[in-house]
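# Inside the fold
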Protein chains: 2
Amino acid sequence: MSEFKAWMRDVQSRTEDTLSAVLPPANHLPARLHDAMRYAVLDGGKRVRPLLAFAAGELTGADPRRLAYAGAAVELIHAYSLVHDDMPPMDNDVLRRGKPTVHVQYDEATALLAGDALQTAAFEVLSQQVLADDVAVQLKMVGILARAAGSNGMCGGQGIDLYSVGHTLSLPALEMMHILKTGALIRAAVLLGVHCGQPLGDAELERVDHFAKCMGLAFQVVDDILDEEADTATLGKTAGKDAANNKPTYVALLGMAGAKQKAAELQAEAHAALAPFGDRARRLAELADYIVARNN
Amino acid sequence: MSEFKAWMRDVQSRTEDTLSAVLPPANHLPARLHDAMRYAVLDGGKRVRPLLAFAAGELTGADPRRLAYAGAAVELIHAYSLVHDDMPPMDNDVLRRGKPTVHVQYDEATALLAGDALQTAAFEVLSQQVLADDVAVQLKMVGILARAAGSNGMCGGQGIDLYSVGHTLSLPALEMMHILKTGALIRAAVLLGVHCGQPLGDAELERVDHFAKCMGLAFQVVDDILDEEADTATLGKTAGKDAANNKPTYVALLGMAGAKQKAAELQAEAHAALAPFGDRARRLAELADYIVARNN
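Residues numbered from 1 in each chain as written. Chains lettered and ligands numbered in written order. Predicted model: local features only at pLDDT ≥ 70, side-chain atom pairs only at ≥ 80, totals over all residues. Heavy atoms only, no water.

Going by an unreviewed UniProt entry, chain A carries the name Polyprenyl synthetase family protein and comes from Chitiniphilus eburneus. Checking UniProt for chain A, the heading Cofactor (unreviewed entry) contains the comment "Mg(2+)". (UniProt positions renumbered as here; feature names shortened; annotations may be inferred.)

Pasting the structure below:
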């Protein structure tokens, strides 16, 4: 196993432990709700957002214990959004991470409540653990996550997505949708990781932010490519869904070759943003390559 | 108009203005989502939680501008919970505050997203405005609201409610459900209001907290009485719903006379908790009387 793969496994394992610790036990009343919350979050997913938080934290010498909570908070937001997104009024999907979706495994009311409570849990984690030396920085972190998750971020992107089904989006409109829907939370993961450590200068922070924006878009471009090319077993979720739902995708707009070129361009731009950091940004650079080259 | 009524009107009007200011404009993209968020929150409701925050803030000399944000944050959580609670997998209700519910007026996907984004907005408000002299106190306020809203608070209470339909709950189990479902957020409203001002001593804080717990239960007992006695037009929501759904209520458990006695006892206990504060607690005492005597 490469040293990078070993690092990934370690972060994924720390993330799993932290998520398990911050979520109430499955038998805690109401048990069906807590069981569903744990089902939605634990034992699954690549943990891309926690990986980004940990890698970004290496830029600022952040304590891994802080990074584990910051990464877990972002992952809780991500997990809640999947639970609600899979529900019948949205994507009505039955498979997620190779398992039945929450509303299929439990019921729709439980999926609704579990998603709601997972969102709250993210803010509980961010407010109840010590994540920064300066408490003002930590309060700022709450604001970063809230901004990224809300109607000017992830929820807004999901809304644009929802209302665009059956319409043709222009490339700028498609980018705006993804910047909000996926990019905002990926950016928050990077920024939260950075803020767990020593302060960066404004110019440095700007570079990290640019890296994060490139990664957010690259992640989505690759998602669209995989949705077209991979099969359901490899993805662990229903493949070919976006095309079947007539949803706008980078592949539909740019063609497969164009989408792959776009991903490569974003990867190069991300690397360029990191270059001045030298070896401190090694993990982030490796992670950028992994995100673009992944096959699920 | 009594001086108390004038104060209520003033707080309700400040709350409305603050909620309108913190929510994105209705034409902000995605417009349908933001329109639904504003529809769910604005121009309705008694604003009991902001009233409690303002009244509690009088105990600690809190700046009304801070109280307006703190009250708005709690109200955003309350509003999101109503949107999701009214959806078909939960209560499947069509009427709220005398208007069609959000999923009826818009659609279920929009109601799901709007509720999600309203919850986020609450934490955005709490993190992005100055609400306390000491930023550590403000971070604590984020934690208080998160704890009150999540699976150990409001969402947990909704879960117990959901899974108890058709079952007979004991009085202690019914109380636990309401302490979580309604009481937790009412308590958070009071504590957030207090924390906007000068610090209280531990014993004083304990008294306020006891007051808040009494109020949370009293509010629910009166809700159950009104659900049975009032008509739909007065309530602005479907009356007799809980009994029809075979949901456990205080009236079902204690009888109408017993429920009214329970409300009176909680009112007296709330007054007793406030007594040592003297005139500083006048608004809270008046509000306790209003909450028990209200007819909608």
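The rest of the description comes next.
Structural alignment of chain B on chain A gives an RMSD of 0.0 Å, achieved by rotating through 180° and translating 0.0 Å along the axis. In symmetry terms, the pair is related by a two-fold rotation axis. Across chain B, the smallest distance between a C-alpha and the rotation axis is recorded for B:L139, namely 3.0 Å. Most of the interface of chain B is mirrored in chain A, where 100% of its interface residues again form contacts. (Least-squares fit on C-alpha atoms with pLDDT ≥ 70 in both. Contact = heavy atoms within 4.5 Å.)

What follows is about the packing of helix α2 (residues 31–41) of chain B against helix α6 (residues 108–128) of chain B. The relative placement of two packed helices comes down to the angle between their axes together with the axis-to-axis distance. Residue and element names in this part refer to chain B. Running from amino to carboxyl end, α2 crosses α6 at an angle of 70°, the nearest separation of the two axes being 9 Å. When the axis of α2 is compared with that of α6, the two are roughly perpendicular. α2 and α6 meet at a crossing whose hand is right-handed. Listed contacts from α6 to R32, L33, A36, M37, A40 and V41 of α2 are T110, L113, A114, A117 and L118. Considered class by class, the residues forming the contact of α2 with α6 number 9 nonpolar, 1 polar and 1 charged. (Axes fitted to C-alpha atoms, helices over the stretch in contact; angles between N-to-C directions. Helix = DSSP H or I, 4+ residues; strand = E, 2+ residues; numbered from the N terminus. Parallel < 35°, antiparallel > 145°, perpendicular 65-115°, else oblique. Left-handed = near helix turned anticlockwise from the far one by under 90°. Nonpolar A, V, L, I, M, F, W, Y, C, P; charged D, E, K, R; others polar.)

Along its 21 residues, α6(B) runs 30 Å from first to last C-alpha, staying within 8% of the 30 Å computed at 1.5 Å per residue. Residue B:D107 occupies the N-cap position of α6(B), its side-chain oxygen lying 3.2 Å from the main-chain nitrogen of B:A109. (Expected span 1.5 Å × (residues − 1). Polar contact = N/O pair within 3.5 Å; in protein donor to acceptor, adjacent residues only side chain to side chain.)

Counting residues at the interface gives 45 residues for chain B and 45 residues for chain A. When chain B packs against chain A, the two sides together hide about 3,900 Å² of surface, and 70% of this comes from carbon and sulfur. When the buried surface of chain B facing chain A is broken down by residue, B:L113, B:L139 and B:Y163 rank first, second and third, together holding 16% of it. On inspection of chain B and its partner chain A, the count reaches 2 salt bridges. We note a salt bridge from B:E124 to A:R147, for which the minimum N-O separation is 3.1 Å. At the boundary of chain B with chain A, the tally comes to 16 residue pairs in polar contact (both at pLDDT 80 or more). Broken down by secondary-structure element, the contributors of at least two residues to the side of chain B that touches chain A are α2, α4 (64–85), α6, α7 (135–149) and α8 (154–164) of chain B. In terms of residue count, the dominant contributor to the side of chain B that touches chain A is α6(B) (14 residues). For the side of chain B that touches chain A, the class distribution of residues is 24 nonpolar, 16 polar and 5 charged. (Buried area = accessible area lost by both parts, 1.4 Å probe. Salt bridge = Lys/Arg side-chain N within 4 Å of Asp/Glu carboxyl O.)

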